[in-house]
Amino acid sequence: MSRPVGAITRGTTGYNRLRRSDRWLVHSARVRTALSAASDPLVVDLGYGALPVTTLELAARLQSVRADTRVVGLEIHPERVATARALVLQAGQDASGRHTSVEFTLGGFELAGLRPVLVRAFNVLRQYPVEAVPEAWATMQHRLAPGGLIVDGTCDELGRLSCWVLLDATGPVSLTLACDPFSIERPSDLAVRLPKVLIHHNVPGQRIHALLSAADLAWASVAGHGVFGPRVRWRAMLELLRDENFGGFPVEPPRRRMRDGVLTVPWATVAPLS
Ligand SMILES: C[S@@+](CC[C@H](N)C(=O)[O-])C[C@H]1O[C@@H](n2cnc3c(N)ncnc32)[C@H](O)[C@@H]1O
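Source: prediction; values computed, not measured. (Residues numbered from 1 in each chain as written. Predicted model: local features only at pLDDT ≥ 70, side-chain atom pairs only at ≥ 80, totals over all residues. Heavy atoms only, no water.)

(A) Region of interest: the pattern of salt bridges. Scanning the model with the defined rule gives 9 salt bridges in all. Its salt-bridge partner being R20, residue D260 comes within 2.7 Å of it at the nearest N-O pair. Highlighted residues: D260 in the loop between α9 (230-242) and β8 (261-266) and R20 in helix α1 (residues 19-27), separated in sequence by 240 residues. D260 gets classed as buried once you look at its relative accessible area, which sits at 7%. Taken together, the shared-partner salt bridges in this structure form one network comprising D22, D45, R61 and R120. (Salt bridge = Lys/Arg side-chain N within 4 Å of Asp/Glu carboxyl O. Helix = DSSP H or I, 4+ residues; strand = E, 2+ residues; numbered from the N terminus. Buried < 20%, exposed > 50% of the residue type's maximum accessible area, 1.4 Å probe, protein only.)

Structure below.
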């Protein structure tokens, strides 16, 4: 087999760190359709890190959408592959059949020759130079099954602040910001966790800066809703952002009951201006 494409980076991870993006994936109409319609419901978790915990969590959550979903955890670091295999075996999970739908193997952006319908790469590209992003995206896009999607995201150590780009085979589709609304002072607290492709563009004159500034202003304007709790305040902030008098941002309407503060916009709303 040829060498996996990419570079070994820090392996920081943690239990439930990626819960907000997992919850979003499970509820996203686009992801649900892709997974349900796939002839082979194969998902890749690229760069799962020092322990395979987030891969197992992803598998369990996606299996609520489609029970026969299989997840392959790919790591560019051979020792991390060995650790993941040993841990899953040690737990007896293969023998009992509980995790036969999850495997771990060596691979990089070339996806080890697999053709998944969904690739999740969290906290991977963040450690690469920004110039490496287009090629990494293109390499993964090229390997997608028909209708396939990629989630390229970044979050803090505990997963309270999280941002991700959803891509299809042709390019980026949307940006999502997700947080625990109890742990922020203002929406732009998420700026430090923007994906590599946007973080350097959070400056006046760029669309992502305009969105975060408007979100902060809207958040301040709906401070009165804070008496009902930060989740209600977050919804009111989304509502205001959609208002024509407030910029008319095409923010996706929130789900009816949502514990996370989530803000999703089409990619065109934040795409960097050169
Ligand atoms: C910070 S950890 C992220 C772990 C987990 N995804 C999370 O968010 O908690 C990044 C991992 O990505 C791996 N990695 C970096 N580039 C990769 C590539 N091109 N293909 C596969 N794994 C890669 C690194 O070896 C490292 O273990």
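(B) Looking closely at the layout of surface pockets. In this structure, the largest pocket spans a volume of roughly 460 Å³. Considering the residues around the largest pocket, the lining is formed by 34 residues, among which R10, F122, N123, V124 and Q127 are closest to the centre. Of all the secondary structure elements, the ones that give two or more residues to the lining of the largest pocket are β1 (42-46), β2 (70-75), β4 (118-122) and β5 (149-155). Looking at side-chain class alone, the lining of the largest pocket contains 12 nonpolar, 13 polar and 9 charged residues. W24, H27, S28, A29, E252, P253, P254, R255, M258, V262 and T264 together form the lining of the second largest pocket. Elements that contribute at least two residues to the lining of the second largest pocket include exactly α1 and β8. Residues of the lining of the second largest pocket, tallied by class, amount to 6 nonpolar, 3 polar and 2 charged. (1 Å grid on protein atoms, 1.4 Å probe; cavity = no way out; pocket = protein on both sides within 12 Å on 5 of 7 lines; lining within 4 Å. Points joined across faces, edges and corners; volume = space filled by probe spheres on them. Nonpolar A, V, L, I, M, F, W, Y, C, P; charged D, E, K, R; others polar.)

(C) Local environment of the pairing of β8. Along β8, 5 of the 6 residues are buried, which leaves the element largely enclosed by surrounding structure. Here strand β7 (residues 172-179) pairs with β8 via 6 bridges, running antiparallel. Looking across to β8, one finds that A178 is bridged to V262. (Pairing = 2+ DSSP bridges.)

(D) Just the environment of R3, in detail. The topology assignment puts R3 in the segment before α1. C-alpha of R3 to C-alpha of S39: the two residues are 36 residues apart in sequence and 28 Å apart in space.

(E) Structural context of the site of the ligand. Taken together, 25 residues sit near the ligand, with T13, G47, E75, R80 and Y128 positioned nearest. Contact distances for the ligand include 2.7 Å between an oxygen atom and a side-chain N or O atom of T13. Burial of the ligand by the protein amounts to 99% of the accessible area it has alone, namely 610 Å². Among the cavities detected, the one that contains the ligand is the largest pocket. (Near = heavy atom within 4 Å. Polar contact = N/O pair within 3.5 Å; in protein donor to acceptor, adjacent residues only side chain to side chain. Areas by Shrake-Rupley, 256 points an atom, 1.4 Å probe, with all protein chains shown as cover. Sits in = over half its atoms within 2 Å of the grid points.)

(F) Inspection of helix α3 (residues 53-62) at higher detail. Within α3, 8 of the 10 residues are buried, leaving the element largely enclosed by the surrounding structure. Among the residues of α3, those classed as buried are V53, T54, T55, L56, E57, L58, A59 and L62.

(G) Unusual backbone geometry, seen in detail. Even without being a glycine, N16 presents a positive backbone phi close to 60 degrees. Relative to the helices and strands, N16 is located in the segment before α1. By relative accessible area, N16 is classed as partly exposed at 31%. Within the chain, A112 stands out as a residue other than glycine whose phi angle is a positive 50 degrees. Within the secondary structure layout, A112 lies in the loop between β3 (102-106) and β4. Assessed through its relative accessible area of 27%, A112 is described here as partly exposed.

(H) Expanded view of the environment of R143. With respect to the secondary-structure elements, R143 resides in helix α6 (residues 133-143). The spatial distance from the C-alpha of R143 to the C-alpha of G108 is 12 Å, given a sequence separation of 35 residues. In this structure, R143 is in contact with E110, L111, G113, L114, R115 and P116, ignoring residues within four places of it in sequence. At a separation of 2.8 Å, a polar atom in the side chain of R143 contacts the main-chain carbonyl oxygen of G113. Here L114 takes part through its backbone oxygen, which lies 3.3 Å from a polar atom of the side chain of R143. (Contact = heavy atoms within 4.5 Å.)

Read these as spatial facts, not as claims about activity.
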